[in-house]
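Residues per chain, in single letters:
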Amino acid sequence: DPDSIPQGEEREEPNEQDETQQGEAPQSTPQTKLPENWLLKALWILLGLVLAALFGIWLRRRRILQHREEQFSDPDAGTGIAWLFYDAVCMLEYLGIARKGGSTDVVCKAAREQLGEAYADSCRSAALLNQEALFSSHALNEEYRNAVAEFRQKTLALLREKKPWHKRLWLKWIRCVY
């Protein structure tokens, strides 16, 4: 009986080599077989890379904002005022008001035209405090720093209000403006 195998012996299964010898031509290119779940593995790797990139962006933003906060809260109020005003002027550039190498008066005049009288007055006050911080030898107090910080917060609120959501995401996470 061909199906019966004597005890202790194993039946030999025909292998692929035997089949190709029986009349089939061997294939010229070996086939590489992908694992069954290759797509799932690729998606997990892609997800890991995306998460690593997002973590890197978050870490970079955190470091930049911490450094900026250290500048704003410098023990010398004059230095803090100068950094706060500089940051506000940088935000104004994203609102379309550029210094173009000019003085802060140029910025305040452009702010008057584009953002209104009340904002321009606070810009002028902050610009005067900045000039005093940069060019005066006497120490400035925390009240002045708070006034310039308030101007910076107004500028930030305008930036958030006037920019569409996708540009706000870019400014917040990539440019680290706020």
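Up top is the structure.
Predicted, not measured: the structure shown is a model, and the values here were computed from it.

(A) Region of interest: the environment of Thr 104. Within the element layout of this structure, Thr 104 appears in helix α4 (residues 104–115). Setting aside chain neighbours within four positions, we find Thr 104 in contact with Phe 85, Ala 127, Asn 130 and Gln 131. One polar contact links Thr 104 to Gln 131, side chain to side chain, over a distance of 3.3 Å.

(B) The pattern of salt bridges, seen in detail. Taken as a whole and judged by the stated rule, the model has 6 salt bridges. Glu 117 is the partner of Arg 112 in a salt bridge, and the nearest nitrogen-oxygen pair spans 2.2 Å. Of the residues examined, Glu 117 reaches a relative accessible area of 48% and is grouped as partly exposed. Among the charged side chains, a network of salt bridges with common partners joins Arg 68, Asp 87 and Arg 152.

(C) Quick peek at the packing of aromatic side chains. Tallied over the entire structure, the rule returns 4 aromatic pairs. On the numbers, 6.0 Å between centres and 85 degrees between planes, the contact of Trp 83 with Tyr 86 is edge-to-face. Taken together, the positions of Trp 83 and Tyr 86, both in helix α3 (residues 77–94) and 3 residues apart, correspond to about one turn of that helix. Overall, the relative accessible area of 48% leaves Tyr 86 in the partly exposed class.

(D) Expanded view of the side chain of Arg 61. Here Arg 61 shows up in helix α2 (residues 38–72). In this structure, Arg 61 is buried with no salt-bridge partner, the nearest side chain bearing the opposite charge being Glu 69 at 10.0 Å. Setting aside residues no more than four positions away along its own chain, Arg 61 makes contact with Lys 172, Trp 173, Cys 176 and Tyr 178.

(E) The nonpolar core, seen in detail. Of all hydrophobic cores here, the largest spans 31 residues; its most connected members are Phe 85, Leu 92, Ile 97, Tyr 119, Val 148, Phe 151 and Leu 159. Sorting the residues of this core by element identifies α3, α4, α5 (117–135) and α6 (142–162) as the ones contributing at least two each. The element that contributes the greatest number of residues to this core is α3, accounting for 8 residues. Ile 97 has contacts with Leu 92, Val 107, Ala 110, Ala 111, Gln 114 and Leu 115, leaving out every residue within four places of it along the chain.

(F) Representation of α4 within the structure. Compared with the 16 Å implied by 1.5 Å per residue over 12 residues, the 15 Å span of α4 between its first and last C-alpha is a close match. Taken as a whole, α4 has its buried residues at Thr 104, Val 107, Cys 108, Ala 110, Ala 111 and Leu 115. The arc that holds the buried residues of α4, viewed along the axis, is 165 degrees, so those residues lie on one side. Among the exposed residues of α4, those pointing more than 90 degrees away from its buried face are Lys 109 and Glu 113. Capping the start of α4 is the job of one residue whose side-chain oxygen sits 3.2 Å from the backbone nitrogen of Asp 105: Ser 103. Within two residues after α4, Gly 116 carries a phi angle of roughly 105 degrees, on the positive side.

Quick notes on the rules
- Residues numbered from 1 in each chain as written.
- Predicted model: local features only at pLDDT ≥ 70, side-chain atom pairs only at ≥ 80, totals over all residues.
- Heavy atoms only, no water.
- Helix = DSSP H or I, 4+ residues; strand = E, 2+ residues; numbered from the N terminus.
- Contact = heavy atoms within 4.5 Å.
- Polar contact = N/O pair within 3.5 Å; in protein donor to acceptor, adjacent residues only side chain to side chain.
- Salt bridge = Lys/Arg side-chain N within 4 Å of Asp/Glu carboxyl O.
- Buried < 20%, exposed > 50% of the residue type's maximum accessible area, 1.4 Å probe, protein only.
- Phe/Tyr/Trp six-rings, centres within 6.5 Å; stacked < 30°, edge-to-face > 60°.
- Lys, Arg positive; Asp, Glu negative; His and termini not counted.
- Core = buried A, V, L, I, M, F, W, Y, C linked by side-chain atoms within 4.5 Å.
- Expected span 1.5 Å × (residues − 1).
- Arc of directions from axis to C-beta.

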